[in-house]
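If you want the building blocks of each chain, they are given just below.
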Amino acid sequence: MNLPSDLELIHQPTRLRIMGVLYKHRDVSYTRIRNHLDLTDGNLASHAEKLEEAGYVEDRRAWAQNGFETRYRITKSGVTAFQLYLQELSGFVDEHETFHRSN
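### Some words on the overall build of the protein chain
A tally of helices and strands in the protein chain yields five helices and three strands. Going from N to C terminus, the protein chain has its helices and strands arranged as α-α-β-α-α-β-β-α. Projected onto its principal axes, the C-alpha coordinates of the protein chain cover approximately 60 × 25 × 20 Å. When the accessible surface of the protein chain is summed, it comes to about 6,700 Å², and 49% of that surface belongs to carbon and sulfur atoms.

Following this line, the structure appears as structure tokens:
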């Protein structure tokens with residue numbers, strides 16, 4: 001599958017899973033993402049940093065029951081990029097379905 005370079009960033013499995021969670025829930029605590037995806041602190045932080053650098057995700061500190069927590073939120077450009085990624089993936093699947101039927 002040939003993806004534009006900005007979508008290649010999302011295609012990496014861990015970043016794809018992070019984007020999927022944020023696309024569905026929009027704003028999620030660091031701890032919830034880490035636990036739900038079974039990631040280490042370092043793994044989540046490094047992948048989230050790449051997504052932040054691309055402008056797809058932003059982090060913020062928010063007040064929670066036990067004090068402040070880090071939360072991640074998908075940005076408008078993150079939503080757009082994720083939707084484009086899903087369209088590319090769907091096109092890829094459709095193309096290969098057609099290929100399979102013709103053989």
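### Here we look at the packing of aromatic side chains
For any pair of aromatic rings, geometry is given as the distance between the ring centres together with the angle between the planes. Taken as a whole and assessed by the stated rule, the structure comprises three aromatic pairs. With 4.9 Å between their ring centres and 40° between their planes, Y23 and F82 make a pair best called tilted. Note that Y23 is positioned in helix α2 (residues 13-25) and F82 in helix α5 (residues 76-102), a separation of 59 residues in sequence. A residue is classified by how much of its surface remains accessible, and Y23, at 24% relative accessible area, is partly exposed. According to the relative accessible area criterion, F82 is buried, its value standing at 6%. On the numbers, 6.0 Å between centres and 35° between planes, the contact of Y30 with Y72 is tilted. One end of the pair, Y30, is in helix α3 (residues 30-37); the other, Y72, is in strand β3 (residues 67-74), and 42 residues separate them in sequence. When the ring centre of Y23 is taken as reference, the NZ or CZ atom of R26 above it lies at 5.0 Å.

### Things to note about the pairing of strand β2 (residues 57-64)
Pairing geometry for β2 and β3, over eight bridges, is antiparallel. Along β3, the bridge assignment pairs A62 with E69. Where β2 folds back on β3, the antiparallel hairpin that results is connected by two residues.

### Observations regarding the sheet that holds β2
The strand order across the open sheet built from three strands is β1-β3-β2, with neighbouring strands paired in antiparallel fashion. Either end of the sheet is taken by a strand with one partner, and the two such strands are β1 (27-29) and β2. Shown here is a sheet whose adjacent strand axes are inclined to one another by a mean of 35°, direction ignored. Sheet analysis places β1 next to β3, joined by three bridges and oriented antiparallel. Each bridged residue has a counterpart across the sheet, and for D27 the counterpart in β3 is R73. Where α3 meets the sheet, it contacts β1 and β3, and its direction lies at approximately 80° from that of β1. Against the sheet, helix α4 (residues 41-53) touches β2 and β3, its axis set at about 120° to β2.

### A word on α3
Taken residue by residue, α3 has Y30, I33 and L37 as its buried positions. Seen from one end, α3 has its buried residues packed into an arc of 70°, which puts them on one side. Of the residues in α3, the exposed ones pointing more than 90 degrees away from the buried face are R32 and H36. Lining the buried residues of α3 we find α2, β1, α4 and β3. A positive backbone phi angle near 55° is found at D38, which sits one or two residues after α3.

Parameters and conventions
- Residues numbered from 1 in each chain as written.
- Predicted model: local features only at pLDDT ≥ 70, side-chain atom pairs only at ≥ 80, totals over all residues.
- Heavy atoms only, no water.
- Helix = DSSP H or I, 4+ residues; strand = E, 2+ residues; numbered from the N terminus.
- Areas by Shrake-Rupley, 256 points an atom, 1.4 Å probe, with all protein chains shown as cover.
- Phe/Tyr/Trp six-rings, centres within 6.5 Å; stacked < 30°, edge-to-face > 60°.
- Buried < 20%, exposed > 50% of the residue type's maximum accessible area, 1.4 Å probe, protein only.
- Lys NZ or Arg CZ within 6 Å of the ring centre and 35° of its normal.
- Pairing = 2+ DSSP bridges.
- Axes fitted to C-alpha atoms, helices over the stretch in contact; angles between N-to-C directions.
- Contact = heavy atoms within 4.5 Å.
- Arc of directions from axis to C-beta.

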